[in-house]
Amino acid sequence: MEFTAKQISSLINGEIEGDPVVTVSSFGKLEGAEPGQLAFLANPKYEEFLYSTKASIIIINNTQQVEKKVNATLIRVPDAYSAFAIILSAYEQMAKANLTGIQQPVYISDTASLGENIFIGAFTYIGNNVRIGNNVKLFPQVYIGDNVTIDDDSILFPGVKIQHDCVIGKNVTIHAGSVIGGDGFGFAPQQDGSFKKVPQIGNVIVEDNVEIGANATIDRATIGSTLIKSGAKLDNLIQIAHNVEVGNNTVIAAQSGISGSTKIGNNVMIGGQAGIVGHLQIADGSKINAQSGVSKSIKTPNTAVTGSPAFDYSHALRSQILNRNLPELEKRIKELEQIVERLSNEKVTE
Amino acid sequence: MEFTAKQISSLINGEIEGDPVVTVSSFGKLEGAEPGQLAFLANPKYEEFLYSTKASIIIINNTQQVEKKVNATLIRVPDAYSAFAIILSAYEQMAKANLTGIQQPVYISDTASLGENIFIGAFTYIGNNVRIGNNVKLFPQVYIGDNVTIDDDSILFPGVKIQHDCVIGKNVTIHAGSVIGGDGFGFAPQQDGSFKKVPQIGNVIVEDNVEIGANATIDRATIGSTLIKSGAKLDNLIQIAHNVEVGNNTVIAAQSGISGSTKIGNNVMIGGQAGIVGHLQIADGSKINAQSGVSKSIKTPNTAVTGSPAFDYSHALRSQILNRNLPELEKRIKELEQIVERLSNEKVTE
Amino acid sequence: MEFTAKQISSLINGEIEGDPVVTVSSFGKLEGAEPGQLAFLANPKYEEFLYSTKASIIIINNTQQVEKKVNATLIRVPDAYSAFAIILSAYEQMAKANLTGIQQPVYISDTASLGENIFIGAFTYIGNNVRIGNNVKLFPQVYIGDNVTIDDDSILFPGVKIQHDCVIGKNVTIHAGSVIGGDGFGFAPQQDGSFKKVPQIGNVIVEDNVEIGANATIDRATIGSTLIKSGAKLDNLIQIAHNVEVGNNTVIAAQSGISGSTKIGNNVMIGGQAGIVGHLQIADGSKINAQSGVSKSIKTPNTAVTGSPAFDYSHALRSQILNRNLPELEKRIKELEQIVERLSNEKVTE
């Protein structure tokens, strides 16, 4: 897709300086852009790149001074960064809308129902009684098990697997390779030391506007539903165990894991590689630092914790500094011991 | 599949109260169940749901008192929870047995041998000289490399990849997206700072009754076999490096990683996100806490460890508490220093 | 493929003792080898296996004494281990070269360009304007998005996904299930507590001679490129966030994660399950211990760090030992307190 400076400018109510019919077809960083690319300059600190870039069109702030010759066409706006983001979003919407049709071969059960304006990539599998909403995009090699619902405007990238009976809401994005609805990890110990599987017959419900990263795993509930609530954002390689609930607009960074039946509140922020043990309650607005190991419920909203085991953030920071200085602390104890011994001896010999 | 109260009752030797021909086709939690669902009440604490539930059939304890009107058909048994579990297992067995046939398209080498009563989903790939046992279920998009054996009654979920020469035992379950038999991570450093790959020509052997979670990775041995012994249970996103051995009935929770050539004994329990360095021995019955980093062999059976680096569990807990209280400890040292200084001064001035 | 002792010997300039026409078709460990297998003995400690093995051919050191009857044909060389490695590499090269042709069904866009001597496995997807170099091997169920380049001699194992616009260099190996080019994790917080996705329109560039493990995830840049430089080796289940750079010949062990925009230098070694926060600089030759959490840039080359948060390795080890002995340290403080109290009291009562 090609766009002229004039088309772009009209989208963001900008003011053109230079050739209005020059075209771009992709995006670049100002310092590395090539001819035919659109770039932006938001921070005056990088003004020098304005004069050396090969970008064809550059969005800049109204307040940006231009002191040397610029080869590109400039588009001036009040806030260059926001204007650039608007164009990116518009571009992505257009690219997504263009993605339609059913490639071959695919496997689609006769009992599946398909919405309008959908895309189904090659080698995608759609099981019995599946319901696919309008504008849904299923990339190649996706697996949709029996009785699954994928609601309107959702997009599943290559190799995503949604197992039987799970429910995916509207405008959900799931990245490549993620597995939704594998069995929860439940085994009953037997007398002989072996384990007997506890059947996992619940499902996973992913509500509207959720985004899930690549190669993540979200297990089905033993009974009932594992629940990812509206607006939650989960990064790559995350593990969500059976019967977990993740609250609205909660954000979880990569490689974190939540153990079974834990309920995470709304607007919680969880850093990368953090772990939370099972059957806990995490209050709304909690902040859990990267690599933390949370072993107790967090009852007070907006609490920040860190460490493994995790405790109060500012308290933990003080302990971490002292922990780092333990050799110094031990030296102080040793000195005290020597002085005290001397004092005691003097006492004795007085 | 639909079942009457009478059919269910006869499976668990129950006693029916109510309509014996009412049917159910799925399972629910008592409090959230819908018409057509089977639920259970094991804990008298939740008796209230008995009167509000929409479940069609409810399994309850013989001892359960019923004080108000119940719309559902009741089935009384000595232990409602166990009876419910029996029905779940029977249901899963039936569902699995019903899964047969070969969907199209698939890729099956002419030199592969296939057992009886198997299921092969669409887009599944079966390489040369593969041997598939009886009652094996391969979901769609599975990859089976050359010379692999999958023994009787095993089930591989969508997108599982078993690479060449690996051996999967009887009644093994592998969840979606897991990779068995990728190359071990072995590189020899060269004079110029680069690395030369050490060929990884061993395989992976997964013994009987093993279960492996979703998106896990188990690498092939450099030479010989990486070995997952009978009855071991591995959760999602686990990493098992080359030449590792995991003992019988050992349980490993999600996101844990075992480095190369480490031998883990039988009946070991490993929590989530734990790591074990290479070339160690972990004694039978060891308990390794979540997020532990085990850097030394564990020689005494049934030892519990925690922390990173990990050491004895009860000792570590005491250290963790003191670590948390380091600011308090430092305050005590500061007070001692002040008193001792005063005492010394008095000494001098006497 | 079958090889005679004579063929093998000529490849490694060895000297044959025994039958020169005996053949082998696979490799084994000396102690577990079977007839028809090639094994080696490098460490004289294991001499006993020379007499009990069933291997058909054994490579041994020139200096190895043989004191009993050996059934196998022996091939003597100056260094048995290196000679064995040469044969393994030659075998792997041959196996790879034999892998050619296009299996059916596949999906290949009309606008894709394919090199010579390539292999494309069944159910593999190749999008628009893709360029596949010579000798490239794409295993079954691989996904190659639009505008991707895969350069000569690269090999992608089953289920690898390369998303649109990414660039894969020469002689790159990517193991099964890895996802290259998923969206970076970028969301702008909104006034109402929800998050708005920041479009991720950059790509991933993987340079020559890189190896990437199974089920790893490498996200595309927001703008510009996430960059994995020449010779880097990444293990299984690794997370590389948007706009990260990984330097030449840097090695990262399994389950580690690098947050957004961090630049890792050349020849860095990163242990398993380590994490590095975003926007840092890690100097060339740094060594980051397993499970470390790096929260500050490492500015001095060849620095070793450990711990979470990570600091200087040898300092950290001393702190770790004291941390483990905190109960002992507290006991010393308590004793001091008692003595000092006694001294103070005596003072008062004098």
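Residues numbered from 1 in each chain as written. Chains lettered and ligands numbered in written order. Predicted model: local features only at pLDDT ≥ 70, side-chain atom pairs only at ≥ 80, totals over all residues. Heavy atoms only, no water.

Right, let's talk about the overall build of chain A for a bit. For chain A, the helix and strand inventory stands at 5 helices and 40 strands. The C-alpha radius of gyration of chain A comes to 28 Å, more than 25% above the 20 Å expected for a compact globule of 350 residues. Dimensions of chain A along its principal axes, counting C-alpha atoms only, are 100 × 65 × 30 Å. Residues classed as buried in chain A amount to 55% of the 350 residues present. Taking all contacts inside chain A whose residues are at least 6 apart in sequence as the whole, residues at least 24 apart take part in 18%. For chain A, the accessible area works out to roughly 14200 Å², and carbon and sulfur atoms hold 49% of it. (Helix = DSSP H or I, 4+ residues; strand = E, 2+ residues; numbered from the N terminus. Rg over C-alpha atoms; globule rule 2.2 N^0.38 Å. Buried < 20%, exposed > 50% of the residue type's maximum accessible area, 1.4 Å probe, protein only. Contact = heavy atoms within 4.5 Å. Areas by Shrake-Rupley, 256 points an atom, 1.4 Å probe, with all protein chains shown as cover.)

So, on to the relation of the copies chain C and chain B. If you rotate chain C by 120° and push it 0.0 Å along the axis, it lands on chain B with an RMSD of 0.1 Å. What the rotation and shift describe, once combined, is the action of a three-fold rotation axis. (Least-squares fit on C-alpha atoms with pLDDT ≥ 70 in both.)

Before going further, it helps to examine the UniProt feature "coiled-coil region" (unreviewed entry) in chain A. Under the UniProt annotation, the feature "coiled-coil region" (unreviewed entry) is placed at residues 319-346 of chain A. Regarding residues 319-346 of chain A, the helix share stands at 96% and the strand share at 0%, and the terminal C-alpha atoms are separated by 37 Å. (UniProt positions renumbered as here; feature names shortened; annotations may be inferred.)

Moving on, we get to the sheet that holds strand β4 (residues 26-27) of chain B. Think of a sheet as strands paired side by side through backbone hydrogen bonds, with each pair either parallel or antiparallel. Residues and elements named next belong to chain B. Strand order in the open sheet formed by 5 strands is β2-β7-β6-β5-β4, and the pairing between neighbours is mixed. Every interior strand has two partners, whereas the edge strands, β2 (15-17) and β4, have only one. Pairing of strand β5 (residues 37-41) with strand β6 (residues 57-61) involves 4 bridges; the strand directions are parallel. By the bridge assignment for β6, L38 is matched with I57. (Pairing = 2+ DSSP bridges.)

Chain C puts 55 residues into the contact, and the matching count from chain B is 62 residues. Regarding the contact of chain C and chain B, the summed buried area is about 4700 Å², with carbon and sulfur atoms giving 62% of it. The tally of links from chain C across to chain B stands at 4 salt bridges. Here B:K197 makes a salt bridge to C:E211, at a shortest N to O gap of 2.6 Å. If you list the elements that add at least two residues to the side of chain C that touches chain B, you get α3 (80-98), β28 (233-234), β31 (251-252), α4 (313-324) and α5 (326-349) of chain C. A breakdown of the residues in the side of chain C that touches chain B according to their chemical character gives 26 nonpolar, 18 polar and 11 charged. (Buried area = accessible area lost by both parts, 1.4 Å probe. Salt bridge = Lys/Arg side-chain N within 4 Å of Asp/Glu carboxyl O. Nonpolar A, V, L, I, M, F, W, Y, C, P; charged D, E, K, R; others polar.)

Let us look at the interface of chain A and chain C. Contact residues are listed per partner, giving 56 residues for chain A and 63 residues for chain C. For the chain A and chain C pair, buried surface summed over both sides reaches about 4700 Å², with 62% attributable to carbon and sulfur atoms. Where chain A packs against chain C, one counts 4 salt bridges. A salt bridge links A:E337 to C:R332, with the nearest nitrogen and oxygen atoms 2.8 Å apart. Taken together, the links from chain A to chain C amount to 27 residue pairs in polar contact (both at pLDDT 80 or more). Looking at the side of chain A that touches chain C, the elements with two or more residues in it are α3 (80-98), β28 (233-234), β31 (251-252), α4 (313-324) and α5 (326-349) of chain A. A total of 11 residues in the side of chain A that touches chain C trace back to one element, the largest contributor, which is α5(A). Of the residues in the side of chain A that touches chain C, the class split is 27 nonpolar, 18 polar and 11 charged. (Polar contact = N/O pair within 3.5 Å; in protein donor to acceptor, adjacent residues only side chain to side chain.)

A few words now on the side chain of C:D219. Considering the arrangement of structural elements, one finds C:D219 in strand β26 (residues 217-219). The buried charged residue C:D219 lacks any salt bridge partner; its closest oppositely charged side chain belongs to C:R220, at an N-O distance of 7.8 Å. Beyond its immediate chain neighbours, meaning those up to four positions away, C:D219 contacts A:D235, A:N236, C:G182, C:D183, C:G184, C:F185, C:V204, C:T226, C:Q239, C:I240, C:A241 and C:H242. (Lys, Arg positive; Asp, Glu negative; His and termini not counted.)

Tallying each qualifying case throughout the model produces 6 cavities of 30 Å³ or more. For the largest cavity, the full set of lining residues is A:F123, A:Q141, A:G159, A:K161, B:F123, B:Q141, B:G159, B:K161, C:F123, C:Q141, C:G159 and C:K161. For the lining of the largest cavity, a count of residues per class yields 3 nonpolar, 6 polar and 3 charged. (1 Å grid on protein atoms, 1.4 Å probe; cavity = no way out; pocket = protein on both sides within 12 Å on 5 of 7 lines; lining within 4 Å. Points joined across faces, edges and corners; volume = space filled by probe spheres on them.)

Along its sequence, chain A is carved into domain 1 (3-97) and domain 2 (101-314). On a C-alpha basis, the centres of domain 1 of chain A and domain 2 of chain A stand 38 Å from each other. (Domains from an automatic or database assignment.)

Attention now goes to the pattern of salt bridges. It is possible for side chains of opposite charge to pair when their charged atoms get near one another. Applying the stated criterion across every chain, the model contains 30 salt bridges over all chains. Here B:R332 makes a salt bridge to C:E330, at a shortest N to O gap of 3.2 Å. On the criterion of chain membership, the pair formed by B:R332 in helix α5 (residues 326-349) and C:E330 in helix α5 is interchain, its members lying in two chains. The buried category is assigned to B:R332, whose relative accessible area is 14%. We classify C:E330 as buried; its relative accessible area is 10%. Connected through shared salt-bridge partners, A:R318, A:R332, B:E330 and B:E337 make up one network.

Turning next to the sheet that holds strand β29 (residues 239-240) of chain C. Residues and elements named next belong to chain C. Reading across from one edge, β9-β12-β15-β18-β21-β26-β29-β32-β35-β38 is the order of the 10 strands in this open sheet, with parallel pairing throughout. Strands at the two margins of the open sheet, each flanked by one partner only, are β9 (107-108) and β38 (293-294). The pairing of strand β32 (residues 257-258) with strand β35 (residues 275-276) spans 2 bridges and is parallel. Bridging across to β35, G257 finds its partner in G275.

Inspection of the secondary structure assignment puts C:E211 in strand β25 (residues 211-212). Since its relative accessible area comes to 6%, C:E211 is described here as buried. Taking the C-alpha atoms as reference points, C:E211 and C:I155, separated by 56 residues in sequence, lie 9.6 Å from one another. In this structure C:E211 touches B:D183, B:F187, B:K197, C:T173, C:H175, C:A232, C:K233 and C:L234, once residues within four positions along its chain are discounted.

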